[in-house]
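# Results of the structural survey
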Amino acid sequence: MSSSSSSSSRFGPSSTADQVAAHLSPHIRGKTILVTGVSPGSLGYEVVEVLGRHHPRRLILAGRDEAKMALTRDAVLRDTGDVCIRTLALDLARLESVRGAADEVVGMEGGIDVVINNAGIMAPAAQGETGEESRWTVDGFEKQFGVDHLGPFLFTNLIMSKLIGRDGKKRGGRVVVVSSDGHALQPVRFEDPNWTEPGSYNKWRAYGQAKPANALFARGLGDRLKHRGLSAFSLHPGIIQTNLGSHIAGEDWGDLMAIKKEVFENAAKIGRESTNSNTNLEAEGPGFSYKSLQQGAATHIVAAFDPSIVNQSGEYLQDCQVDPKARELFANDAEAASRLWALSEELVEQKFEY
């Protein structure tokens with residue numbers, strides 16, 4: 001456990017979502033919680049199933065596949081019996097869908113206490129002869145940057161009135177943005193985030209770009225809205241076998257490891273390091289230190305409900321603890337967070353000033 005940790009000392013790498021939720025149950029009860037990416041077999045599914053047992057006021061399940069959302073809803077209802085659940089169609093690869101879903105949320109009765117931006121994609125499989133179809137969103141963005149960052153950026157900002165209110169009163173809402181230790185693979189390419197430069201695109205580096213963007217987005221929210229009572233956090237859930245990577249073949253993992261080795265050798269040369277517990281190259285590849293879904297979802301629940309971390313808004317968590325040193329390579333720069341905010345506003349063609 002990191003010496004910089006500051007959430008409850010009872011939580012750590014092996015803590016489960018059930019254990020954390022049991023401890024934080026009074027802070028879950030009565031809350032309205034929106035979670036994206038809730039398909040069976042995902043971390044989002046695990047999160048909502050656990051939260052449903054602790055008497056939230058309402059769970060809003062958001063996702064692209066309505067049939068999969070229905071499976072998750074039905075599973076939670078079987079487990080809890082009476083929790084109020086609403087599903088929301090949200091395709092993060094289509095800004096039109098993001099805006100429509102946000103309009104629907106804004107029209108709902110009451111506020112929202114917690115938004116967990118869990119949905120994302122990783123190293124999408126190539127389609128067709130050239131694989132070009134898999135690289136772009138409908139709006140022309142590199143797909144991982146679009147789905148993992150721009151979609152959540154736009155959606156969260158469009159529903160901000162549900163988290164902070166329109167009356168100027170501090171509502172105390174919280175936003176969680178799921179990142180990854182992949183943030184160390186690649187800084188945000190501010191001049192070419194869509195990898196249009198010939199020969200520049202690599203799906204793992206593109207995934208890497210999206211992950212510091214997640215952490216920098218949370219930092220930007222924390223900086224801008226702390227005065228309105230909002231807190232925001234990013235997190236690395238751990239290395240977990242979920243449906244996120246079900247399409248990835250063995251040679252793809254080899255490509256990832258080669259990039260990681262290059263990144264950390266270069267970082268060492270310039271005297272920068274990451275204290276992330278998952279950057280030990282000897283321990284990776286076939287020897288990945290995997291967590292279970294329950295252990296991965298535990299950090300989501302700490303980030304979303306632990307009252308002891310509220311004053312550290314904008315920070316990054318892993319292993320159920322606030323750990324700012326774990327994002328030192330590319331995701332810990334206030335200037336970069338501000339620059340990313342401006343770039344994101346430009347790309348989605350809408351400004352958000354608080």
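Below, the structure is looked at part by part. Keep in mind that what you see is a predicted model, and the values were worked out from it rather than measured.

### Comments concerning the pairing of strand 1 (residues 32–36)
In terms of residue burial, strand 1 counts as a mostly covered element, since five of its five residues are buried. Side chains T32, L34 and T36 of strand 1 all project onto a buried face; the interleaved residues I33 and V35 project onto the opposite face, where all are buried too. In terms of strand pairing, strand 1 meets strand 2 (residues 58–63) through five bridges, oriented parallel. In the sheet register, I33 faces strand 2, and the bridge partner there is L59. Since strand 1 and strand 2 lie parallel, the crossover through helix 2 (residues 43–51) that links them has a hand, and here it is right-handed. Two strands pair when backbone bridges link them, and strand 1 and strand 4 (residues 114–117) are joined in this way by three bridges, in the parallel orientation. Bridged to V35 within strand 4 is I116.

### A few points about the packing of helix 4 (residues 95–106) against helix 5 (residues 143–158)
Packing of helix 4 against helix 5 brings their axes to within 9 Å, and their N-to-C directions diverge by 25°. The pairing of helix 4 with helix 5 is recorded here as roughly parallel in orientation. The two elements helix 4 and helix 5 cross, and the hand of that crossing is right-handed. Contacts between helix 4 and helix 5 involve L95, V98, R99, A101, A102, V105 and V106 from the first element and G151, L154, F155 and L158 from the second. Looking at side-chain class alone, the contact of helix 4 with helix 5 contains nine nonpolar, one polar and one charged residues.

Rules of the game
- Residues numbered from 1 in each chain as written.
- Predicted model: local features only at pLDDT ≥ 70, side-chain atom pairs only at ≥ 80, totals over all residues.
- Heavy atoms only, no water.
- Buried < 20%, exposed > 50% of the residue type's maximum accessible area, 1.4 Å probe, protein only.
- Helix = DSSP H or I, 4+ residues; strand = E, 2+ residues; numbered from the N terminus.
- Pairing = 2+ DSSP bridges.
- Right-handed = clockwise from strand over helix to strand, strands pointing away.
- Axes fitted to C-alpha atoms, helices over the stretch in contact; angles between N-to-C directions.
- Parallel < 35°, antiparallel > 145°, perpendicular 65-115°, else oblique.
- Left-handed = near helix turned anticlockwise from the far one by under 90°.
- Contact = heavy atoms within 4.5 Å.
- Nonpolar A, V, L, I, M, F, W, Y, C, P; charged D, E, K, R; others polar.

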